[in-house]
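Here's the letter readout for the chains.
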Amino acid sequence: MHDLVVHFRAPTGSLTSRLLPTDAQTACACCGLAGATLTVNETPLCLVCAPAYAADDQQIDQHAALIWLPQLDQGSLSRLIRAAWTALLVWSPGHPGRDRALTILDDLSGRRETATEKIGTYHPSHLRLAVSTLAPHHMFRRQGAVSGLRILPVAAWREQNSEALSKLLINRNTAP
Ligand SMILES: [Zn+2]
């Protein structure tokens, strides 16, 4: 399982997103669905999952937020977000399906508060900085525990990538 605390201890500068060649037909390593168009640390990722990994991207705090959601792993959360974003794409305002999707996204967004209660911030860059300087004995004390922290890509990320996301969400079931 993707554990943010472990992942964010990667060497400084290594967690940046790069584009995959456009002809690459690759499944996302996080959600398992087709359509990875980016890599972080050589891991292929789709546009929904990439913000959870790209902690060194300059605008990461504008594009993603930490939430507390131990019930779902990052890949399952991404599938839920994909479904909600697809609903926003295909249904017009006023459609009940669109309203349900917005309720889900609002609920997820509200979980930033719990992340702040637990660790004092919902900015991925702050967690990145904090865990990269943790002494090894603190990591040892975690004894392999996986945290309930997840990354929620937010509206600014969706809007910045709206064209590529429309393509991804509409073709989401295509086998790699
Ligand atoms: Zn993905």
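Further up the page is the structure itself.
Residues numbered from 1 in each chain as written. Predicted model: local features only at pLDDT ≥ 70, side-chain atom pairs only at ≥ 80, totals over all residues. Heavy atoms only, no water.

Moving on, we come to the coordination of the zinc ion. Around the zinc ion, the donor atoms from the protein are Cys-28 (SG), Cys-31 (SG), Cys-46 (SG) and Cys-49 (SG), and they sit 2.3 to 2.4 Å away. Because the angles between the four donor atoms bound to the zinc ion fall within 106 to 116°, the donor set is best described as tetrahedral. For the zinc ion, the donor residues sit on a single chain with the sequence spacing C-x2-C-x14-C-x2-C. Residue Cys-46 is classed as buried on the basis of its relative accessible area, which comes to 0%. (Donors = N, O, S within 2.8 Å, 3.2 Å for Na, K, Ca; no water. Tetrahedral: all angles 85-135°; square planar, octahedral: opposite > 155°, others 65-115°. Buried < 20%, exposed > 50% of the residue type's maximum accessible area, 1.4 Å probe, protein only.)

The next point concerns the nonpolar core. If you look at the biggest cluster of nonpolar residues, it comprises 48 residues, and the most contacted ones within it are Phe-8, Cys-28, Leu-45, Cys-49 and Trp-85. Residue assignment for this core shows that the elements contributing at least two residues are helix H1 (4-7), strand E2 (38-40), strand E4 (64-68), helix H3 (74-90), helix H4 (96-110), helix H6 (124-132), strand E5 (149-153) and helix H9 (162-170). No other element matches H3, which puts six residues into this core. If we ignore the near neighbours within four places in the chain, the residues touching Phe-8 are Leu-15, Ala-52, Ala-55, Pro-124, Leu-127, Arg-128, Val-131, Ser-132 and Ile-151. (Core = buried A, V, L, I, M, F, W, Y, C linked by side-chain atoms within 4.5 Å. Helix = DSSP H or I, 4+ residues; strand = E, 2+ residues; numbered from the N terminus. Contact = heavy atoms within 4.5 Å.)

The next point concerns the sheet that holds strand E1 (residues 17-19). Read from one edge of the open sheet, three strands run E1-E2-E3, paired in antiparallel fashion. Every interior strand has two partners, whereas the edge strands, E1 and strand E3 (43-45), have only one. The sheet shows a mean angle of 40° between the axes of neighbouring strands, taken without regard to direction. Pairing analysis gives three bridges linking E1 to E2, with the strands arranged antiparallel. Bridging from a neighbouring strand, Leu-19 pairs with Leu-38 of E2. (Pairing = 2+ DSSP bridges. Axes fitted to C-alpha atoms, helices over the stretch in contact; angles between N-to-C directions.)

So, on to unusual backbone geometry. Even without being glycine, Asn-41 reaches a positive phi, approximately 55°. As for its position among the elements, Asn-41 is in the loop between E2 and E3. Not every positive phi belongs to a glycine, and Glu-42 is a case in point at roughly 70°. One can find Glu-42 in the loop between E2 and E3. Taking relative accessible area as the criterion, Glu-42 reaches 76% and is therefore assigned exposed.

Time to look at a nonpolar patch on the surface. On the surface, Leu-89, Val-90, Trp-91 and Ile-170 cluster together into a nonpolar patch covering about 380 Å² of accessible area. Topologically, Ile-170 is positioned in helix H9. Classification of Ile-170 by relative accessible area gives exposed; the value is 60%. (Patch = residues over 30% accessible without salt bridge, like charges linked within 9 Å, V, L, I, M, F, W, Y side chains within 5 Å. Areas by Shrake-Rupley, 256 points an atom, 1.4 Å probe, with all protein chains shown as cover. Salt bridge = Lys/Arg side-chain N within 4 Å of Asp/Glu carboxyl O.)

Quick look at the environment of Asp-73 now. Relative to the elements of secondary structure, Asp-73 occurs in the loop between E4 and H3. On a C-alpha basis, the gap between Asp-73 and Trp-85 in space is 18 Å, while along the polypeptide they are 12 residues apart. At 3.2 Å, the side chain of Asp-73 forms a polar contact with the backbone nitrogen of Gly-75. Within the structure, Asp-73 has its side chain in polar contact with the backbone nitrogen of Ser-76 (distance 2.7 Å). (Polar contact = N/O pair within 3.5 Å; in protein donor to acceptor, adjacent residues only side chain to side chain.)

Here we take up the packing of H3 against H4. At their nearest, the axes of H3 and H4 sit 8 Å apart, and the two run at 140° to each other. Taken together, the axes of H3 and H4 are oblique relative to one another. Both H3 and H4 take part in a crossing whose hand is left-handed. Contacts between H3 and H4 involve Leu-77, Leu-80, Ile-81, Ala-84, Trp-85, Ala-87 and Leu-88 on the former and, on the latter, Gly-97, Arg-98, Ala-101, Leu-102, Ile-104, Leu-105 and Leu-108. (Parallel < 35°, antiparallel > 145°, perpendicular 65-115°, else oblique. Left-handed = near helix turned anticlockwise from the far one by under 90°.)

None of this, on its own, says anything about what the molecule does.
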